[in-house]
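# Close look at the chain arrangement
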Amino acid sequence: MNREDLANLIFPTITKTIADYEKMYPERNLENEAKVTRFAPSPTGFMHIGHFMPTLINYVLAKQSNGIFYLRNEDTDSSREVDGAVSYIRHVFSHYHIKPDEYEYKDLNETKGLYAPYIQSERKEIYQTFIKYLIQEGKAYPCFLTPEEIDSIREGQAKDKRRIGIYGRYAKYRDLPVEEAMKRIKKGEVYTIRLKSSGDFNRKFKFNDLAFGEMELPENDLDIPIMKSKDGLPTYHFAHLVDDHLMHTTHVVRGQEWLSSVPIHYELFKTFGFKMPKYIHIPLILKKDGESIRKISKRLDPEAKMSYYEEKGYPYLAVIEAVMTIANSNYEAWREGHPTEPYTNFPFSPKKMSASGALFDLDKLDNISKNIISRMTKEEVYEGVLNWSKEYDIEFYNLLIKYKDYSMLIYNIEREQKKPRKDYTYYSEIKEKTWYMYDEYFKDATITFASPIQQVKTILEEYKTIYQEEDLQEQWFTKIKELCTKLNYATDMKAYKENPEKYLGSIVDVTNIIRVALTSLTTTPDLYSIMKILGKEKVLARIEKILVK
Ligand code: GLU
C-alpha cells in the first residue's frame, strides 16, 4: 500500500492531472503589461463598500492595462450562502457600469470567458485533481479529528495561551501510516483532507504587498483543511490557489482582512511551485464618528451598504468618484487636470494608498454629487430622477412620465449658465425641491404669508392685471417696480431702509408675496423662470386661490 493507493481510494474517479488542466487553461494571450484581476466574493452577504473599493481598483487596473477583469463566485461554503447575493453583485455591476470581461451567471444560464466555470462549486473535479496530487506526493493527508476533538484542542490551546490551530503535535493524523488511513476510510470514518505543512512558524519569509510594502511574515505551519468532509469541496484557501493559478490572475486586490492569510497562501503556491500573483491589500475604510475615527461598519453605518447610495439616488459616477478619491491620494489632483476623462484612465498606484485606512466622508460625496448633477444636461437629470423614482417613488415616477418636458424645464432653471445652480445633491431630493411645480402636490400646500392678508390680496389683485405671460424678464421687472410705486412699496432698498415708515413695505415683500402665492415657499430658484414654466393658467389659478380665501 502506498500513497498512490490512498489517493485512488479517496478520488477513484479523478483521472485527469494538473498538466491536463494547465493545457485546458493555457496562458492568456495578452500584452506584456496587461493585468488579470478578479473580484472573488463569497456569496455570504450583500456587497458592501468594503467590496466595492477593491472591485473598482481591480476594474481600473485591468481596464487601463488592456487586461481582464473577471468575476468568480467563491461558493464553497453552501451553509453560509445568502440567497440573492450573486444577483445583487450583478445588479451593482450594472448600476455602476462595471462590465466584467469574464463571468458566469448561473440563474441566467450565461457564461463568458474561456476559463469557465467561474463558480467554484462547479469546479470540484479540478480541485480534487490538485488535492489528489498532493496526497500522492505526501503533502496532504486525511485527518480523522472529529469536530469535538478539534474544539477541545482549541480550548486547551486557548487555556494554555498557545497558538490556535492544528500544527505540530496537534496534527495527530499527519504521520498516520497509509495502511491505517486506508483502513479507516474503508470503514467509513469521516475525514477531511489537510495540508501537510512544511512551514516553520519561527522562520520568516519576505512578502511584498504592493500597497503595504515589504514585510516579513512568519511561515505557515498550520495543517489547514483543504477539502471538507461534507461535500468534497475545497476550502477557500485552496480553491483560490487553484483558480488564480489556472485563470492566470496577475494581481489579487482584496480587503486588508486577508493579509493575515498570506502565509497560508504563500505556502500553498510554494508547495505546487506555482508563481504567486502580486497582492494589493486594500486598507480599511474608515469614517469619522464624532471626534474619533473608526472602521466603517455594516451594522452601524447605513452608508456601508451599497443599497444606501441607490436609495438616496446618487448618480453612479458620484459614488465612483468619491471612492476613487479615497483610494488614491492623488486622484483629486488628477481629476482637476483631467475633468472629462473616464476614471478608468487614472494611473492608479497601490503605493499611494494610505495603509492606515481610507477615510470615507459623506459630505465629500455630497459635494462631488452636487457638482456632477449641476454639470448634467436637463435630459440627464430627468433620466436620473426617472430611474430613481421608478424604484423608490412610483407616484412621482408617474408624474414625471406625464410631465416629461415640463419637468425638464424645471431642471433647466439656472442650469445653462457658466456657473450652474447646484441645488440637487441626489435624485431623492429632487421631489422635495420641485414638488410645488406640480398641481397634484401643490393642491395640498399650506400657504402662509408674512404680510397681512389684506395687503397680500391688494398686491395680487394688482399683479393679476399687469401679468402677461409673454413678457420678457426685463419687462416683467419694470412692471413689478411700477406696481410697487403705485401701491407705495419701495423699489429702492436704500431709501426704504432709511425711511421704512414712509412705505407699506419694499419690492422684496412684493416679490415674496407673489413667490409664496405661486409656490408656498419663501425661497425658490428664480421666480421669473418659475412663472414661465408654470404658465399663465397655473399662475392665475394659484393667485385666484388666495384671492377667494
Ligand atoms: N472569497 C473571498 C471573500 O469573500 C475572497 C478573498 C480573495 O479575494 O482572495 O472575500
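Rules used in this analysis
- Residues numbered from 1 in each chain as written.
- Predicted model: local features only at pLDDT ≥ 70, side-chain atom pairs only at ≥ 80, totals over all residues.
- Heavy atoms only, no water.
- Helix = DSSP H or I, 4+ residues; strand = E, 2+ residues; numbered from the N terminus.
- Rg over C-alpha atoms; globule rule 2.2 N^0.38 Å.
- Buried < 20%, exposed > 50% of the residue type's maximum accessible area, 1.4 Å probe, protein only.
- Contact = heavy atoms within 4.5 Å.
- Areas by Shrake-Rupley, 256 points an atom, 1.4 Å probe, with all protein chains shown as cover.
- Salt bridge = Lys/Arg side-chain N within 4 Å of Asp/Glu carboxyl O.
- Core = buried A, V, L, I, M, F, W, Y, C linked by side-chain atoms within 4.5 Å.
- Lys, Arg positive; Asp, Glu negative; His and termini not counted.
- Near = heavy atom within 4 Å.
- Polar contact = N/O pair within 3.5 Å; in protein donor to acceptor, adjacent residues only side chain to side chain.
- Nonpolar A, V, L, I, M, F, W, Y, C, P; charged D, E, K, R; others polar.
- Pairing = 2+ DSSP bridges.
- Axes fitted to C-alpha atoms, helices over the stretch in contact; angles between N-to-C directions.
- Parallel < 35°, antiparallel > 145°, perpendicular 65-115°, else oblique.
- Left-handed = near helix turned anticlockwise from the far one by under 90°.
- 1 Å grid on protein atoms, 1.4 Å probe; cavity = no way out; pocket = protein on both sides within 12 Å on 5 of 7 lines; lining within 4 Å.
- Points joined across faces, edges and corners; volume = space filled by probe spheres on them.

With that out of the way, let us pick up the overall build of the chain. From N to C terminus, the chain includes 23 helices and 16 strands. Computed over C-alpha atoms, the radius of gyration of the chain comes to 33 Å, more than 25% over the 24 Å expected from 2.2 N^0.38 for 549 residues, which places it beyond the range of a compact globule. Its C-alpha atoms give the chain principal-axis dimensions of about 115 × 45 × 45 Å. Residues classed as buried in the chain amount to 52% of the 549 residues present. Relative to all contacts within the chain whose residues are 6 or more apart in sequence, the contacts with residues 24 or more apart total 72%. Surface exposure of the chain reaches about 27,400 Å², of which carbon and sulfur atoms provide 51%.

Taken as a whole, this structure holds 38 salt bridges when the rule is applied. One salt bridge in this structure joins Asp301 and Arg294, with 2.8 Å as the shortest N-O distance. Within this structure, Arg38, Arg72, Glu74, Arg123, Asp243 and Asp244 form a network of salt bridges that share partners.

A few words now on the nonpolar core. One recurring pattern in soluble globular proteins: nonpolar side chains tend to sit buried together. Ranked by size, the top nonpolar core spans 108 residues in total, and within it Phe52, Tyr309, Tyr411, Tyr438 and Tyr463 carry the most contacts. With 60 residues, the next largest nonpolar core counts Ile135, Ala140, Phe238 and Phe269 among its residues.

Here Glu310 shows up in helix H10 (residues 306-312). It is Arg90 that comes nearest to the buried, bridge-free Glu310 among opposite-charge side chains, at 12 Å. Dropping the residues within four chain positions of it, Glu310 is found in contact with His91, His95, Trp388 and Tyr392.

For the rest of this paragraph, the subject is the site of the ligand. Neighbouring residues of the ligand: Arg38, Ala40, Pro41, Ser42, Glu74, Tyr236, His240, Arg254 and Trp258. The side chain of Ser42 places a nitrogen or oxygen atom 2.8 Å from a nitrogen atom of the ligand. One of the side-chain nitrogen or oxygen atoms of Arg254 is found 2.9 Å away from an oxygen atom of the ligand. With the chains in place, 88% of the 300 Å² that the ligand exposes on its own is no longer accessible. When the residues that make up the shell around the ligand are grouped by side-chain class, the tally is 4 nonpolar, 2 polar and 3 charged.

Positionally, Ser65 belongs in the loop between helix H3 (49-64) and strand E2 (68-71). With near-sequence residues (within four places) excluded, Ser65 lies in contact with Glu31, Glu33, Ala34 and Lys35. Here the side chain of Ser65 touches Leu61 through a polar contact of 2.8 Å, landing on its backbone oxygen.

To continue, consider the pairing of strand E1 (residues 36-39). Alternating residues of E1 divide into Val36 and Arg38 and Thr37 and Phe39, and every residue in both groups is buried. Pairing of E1 with E2 involves 4 bridges; the strand directions are parallel. By the bridge assignment for E2, Val36 is matched with Ile68.

Judged by pairing direction, the sheet is mixed, and its 3 strands sit side by side in the order E13-E12-E14 without closing on themselves. Either end of the sheet is taken by a strand with one partner, and the two such strands are strand E13 (292-295) and strand E14 (358-359). Here strand E12 (residues 285-289) pairs with E14 via 2 bridges, running parallel. Opposite Ile285, over in E14, you have Ala358 as the bridge partner.

Glancing now at the packing of helix H19 (residues 453-466) against helix H23 (residues 527-547). Contact geometry for H19 and H23: axes closest at 10 Å, N-to-C directions at 135°. Judged on the interaxial angle alone, H23 and H19 are oblique. Read as a crossing pair, H19 and H23 show a hand that is left-handed. Residue-level contacts link Ile453, Val456, Lys457, Leu460, Glu461, Tyr463 and Lys464 of H19 to Met531, Leu540, Ile543, Glu544, Ile546 and Leu547 of H23. For the contact of H19 with H23, a count of residues per class yields 9 nonpolar, no polar and 4 charged.

Here we come to empty space enclosed by the protein. Across all of its chains, the model carries 4 cavities of 30 Å³ or more by this definition. In this structure, the largest cavity occupies an estimated 70 Å³ of space. Taken together, Ile410, Tyr411, Ile413, Arg421, Asp423, Tyr424, Lys433, Thr434, Tyr436, Met437 and Pro525 make up the lining of the largest cavity. Residue assignment for the lining of the largest cavity shows that the elements contributing at least two residues are helix H16 (404-411) and helix H17 (430-434). For the lining of the largest cavity, the class distribution of residues is 7 nonpolar, 1 polar and 3 charged. Approximately 60 Å³ is the volume attributed to the second largest cavity.

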